Amino acid sequence: MSRKINIGLVGYKFMGKAHSNAYRKMPMFFTTESVPVLKAICGRTEKAVAQAAKKFGWESYEVSWEKLVERKDIDLVDITTPNATHKDIVLAAAAEGKDILCEKPLAMNLEQAKKMLKAVEDASVKHMVCFNYRKVPAISLAKRFIDEGRVGKIYHFRALYLQDWIADPQFPLVWRLRKEVAGSGAHGDLNSHIIDLARYLVGEFDQVVGAQETFIKERPKLKVSEELASGLTAEAGEEMGEVTVDDATLFLARFKNGALGSFEATRFAPGRRNCQRIEINGSKGSLLFELEDMNKLWFYSCDDAEDAQGFRRIQVTEPIHPYIDAWWPPGHIIGYEHTFVHVVYDFMKAIDEEKNPSPSFIDGVECQRVLEAVENSVQKGCWVKVKL
Ligand code: SOE
């Protein structure tokens, strides 16, 4: 017996498209009792949101998120709009008793994130943060190896997240470069992902020390209004404006279990379009993952025979691997958009099982706590405790 879960999606650009695709694909490949229905999509510009509704397959559209969250025919509100909008939408949706999926980072700061967690807990609604890289099969497999003790005691977590889309100083001042809309720059946008993966794979943070830089302090303002600019591309106007977020944030960490971590997030790595690299070294072996080659997990096991030691390349496309049996025959690769399908699948499965999905707003808050501790450490110029 299937149960319809009516989705109300706020946002229709880069992430709006990724999530729309996920709702459409999920029931075609995975089987759950709860089945998402693309009920309504929401955006401020009527012509553009009407077009998106048609193209992505939504039944209806709204131009006001307030109206969307009040609709009685919506069960789950999904938020893919800029970070500054998350809190108000979450509070209103929770008050209406809707389940919520929210893009990362959950909030603009820790205080907001805590309020959002309290709101969903008080309302007893289901809540999930879209840390989609947890749902890459190779990452889920790495987690399985760690939990099974195949890597042993973890000594090092080494993570890079490198992009280059603003390396050109003439690239305009889009919302992701304005603190009042984004909260932070490379830190919240990219470090949030690798912090979440570190918590997932290694455990809780104890202390951090960081360095941040804004290399290009002024940029041309947008030629068109923010609403009409799209995703990671935009046209520059004449007037200049101040960049108010970090271009790069690097930090070191100590984990509670004694492991050491290093993290680097930058948008100034020419040639690195979306390069995420994670290496873990433990007492019994090492793991390596590269997003640009995301169907592979590299594993070195100290238990291998001495004459056969070396990193083995595991192609994570066998039915035994996480999420894969729902897709293609063995050996047929999957990609970036599939991670969002897995997020939706996990949410629907959680509704079936009457559990809260993972990662939840609790993970959103914990990630925000680390982000904020790094910023405090930069201001103070010293190591800072990530307090619970
Ligand atoms: C832009 O930097 C971005 O789209 C991030 O916002 C996403 O979270 C990341 O997955 C890819 O890059």
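Attention in this report is confined to the structure presented alongside it. These numbers come from a predicted model, not from an experiment. (Residues numbered from 1 in each chain as written. Predicted model: local features only at pLDDT ≥ 70, side-chain atom pairs only at ≥ 80, totals over all residues. Heavy atoms only, no water.)

Some words on the overall build of the protein chain
Filter applied, for reference: The secondary structure listing takes helices from DSSP runs of H or I that are at least 4 residues long and strands from runs of E that are at least 2 residues long, numbered from the N terminus. Only the C-alpha atoms count toward the radius of gyration. The rule for a globule is 2.2 Å times the residue count to the power 0.38. Summary of the burial criterion: residues with accessible area below 20% of their type's maximum are buried, those above 50% are exposed, and those between are partly exposed, where the area comes from a 1.4 Å probe applied to protein chains only. Note on definitions: a residue-residue contact is assigned when non-hydrogen atoms from the two residues lie within 4.5 Å. With residues, only the protein chains shown are counted as cover, and all accessible areas are computed by Shrake-Rupley using a 1.4 Å probe. When charges are counted, Lys and Arg are positive and Asp and Glu negative, with His and the chain ends excluded. A single reference atom marks each charge: NZ on Lys, CZ on Arg, CG on Asp, CD on Glu.
Of the regular secondary structure elements, the protein chain holds ten helices and 17 strands. Taking 21 Å as the expected radius of gyration for a compact globule of 388 residues, we find that the protein chain reaches 21 Å, a close match to that expectation. Seen through its principal axes, the protein chain has C-alpha atoms that stretch 65 × 55 × 40 Å. Buried residues in the protein chain amount to 55% of all 388 residues. Residue pairs in contact within the protein chain that sit at least 24 positions apart in sequence constitute 71% of those at least 6 positions apart. Within the structure as shown, the protein chain displays about 16900 Å² of accessible surface, and the carbon and sulfur contribution to it stands at 51%. When the 52 basic and 55 acidic side-chain charges of the protein chain are each reduced to a single mean position, those positions are 1 Å apart.

Notes on helix α2 (residues 46-56)
Stated formally: Picture the helix axis, draw a direction to every C-beta atom, and the arc is the one those directions span.
Of all the residues in α2, the buried ones are Val 49, Ala 52, Ala 53 and Phe 56. Projected down its long axis, α2 shows its buried positions confined to an angular sector of 100 degrees, all on one face. Those residues of α2 that are exposed and angled more than 90 degrees off the buried face are Lys 47, Gln 51, Lys 54 and Lys 55. On its buried face, α2 sits against α1 (14-29), β2 (34-42) and β3 (60-62).

Some points on the site of the ligand
As a reminder, the rule being used: By convention in these notes, a residue is near a molecule or strand provided one of its non-hydrogen atoms lies within 4 Å of it. For this scheme, ten residues count as nonpolar: Ala, Val, Leu, Ile, Met, Phe, Trp, Tyr, Cys and Pro. Four count as charged, namely Asp, Glu, Lys and Arg, and the remainder, Gly too, count as polar. Residue ranges for the domains trace back to a domain assignment, done automatically or taken from a database.
The environment of the ligand is formed by 13 residues, the closest being Lys 104, Tyr 133, Gln 163, Asp 189 and His 193. Taken by itself the ligand offers 310 Å² of open surface, and the protein chains cover 94% of this. The leading source of residues in the shell around the ligand is helix α8 (residues 186-201), at three residues. Its residues assigned to classes, the shell around the ligand comprises seven nonpolar, three polar and three charged. Looking at which domains feed residues into the shell around the ligand, each of domain 1 (3-133) and domain 2 (137-293 + 295-334 + 367-380) supplies at least three.

Considering the side chain of Glu 103
Just so we agree on the cut-off: In protein, a polar contact means a hydrogen-donor-capable atom and an acceptor-capable atom, both N or O and within 3.5 Å, with residues adjacent in sequence counting only if both atoms are side-chain atoms; elsewhere, any N or O pair within 3.5 Å suffices.
Its location among the elements puts Glu 103 in the loop between β5 (99-102) and α5 (110-123). Within the structure, Glu 103 has its side chain in polar contact with the side chain of His 19 (distance 2.8 Å). Dropping the residues within four chain positions of it, Glu 103 is found in contact with Met 15, His 19, Ile 79, Thr 80, His 86, Val 129, Cys 130 and Phe 340.

Some remarks on the environment of Arg 273
Examined against the element boundaries, Arg 273 turns out to sit in the loop between β12 (260-266) and β13 (275-282). Once you skip the residues sitting within four places of it in the chain, Arg 273 turns out to touch Leu 162, Gln 163, Asp 164 and Glu 292. Of the polar contacts made by the side chain of Arg 273, one reaches the side chain of Asp 164; its length is 2.5 Å.

Description of the pairing of β2
To keep it simple, the criterion reads: Strands qualify as paired when DSSP identifies two bridges or more between them. Every crossover in which the path from the first strand over the helix to the second runs clockwise, viewed with the strands pointing away from the viewer, is termed right-handed.
Burial within β2 is extensive, with eight of its nine residues counted as buried. Here eight bridges tie strand β1 (residues 3-10) to β2, and the two strands are oriented parallel to one another. Note that in β2 the partner of Ile 5 across the bridge is Pro 36. Chirality of the crossover, the property in question, places the unit of β1, α1 and β2 among those that are right-handed. Where β2 and β3 come together, three bridges link them in parallel fashion. Among the inter-strand pairings, Ile 41 is bridged to a residue of β3, identified as Tyr 61. Viewed along the sheet, the connection from β2 through α2 into β3 turns out right-handed.

Limitation: the analysis is restricted to geometry and does not speak to function.
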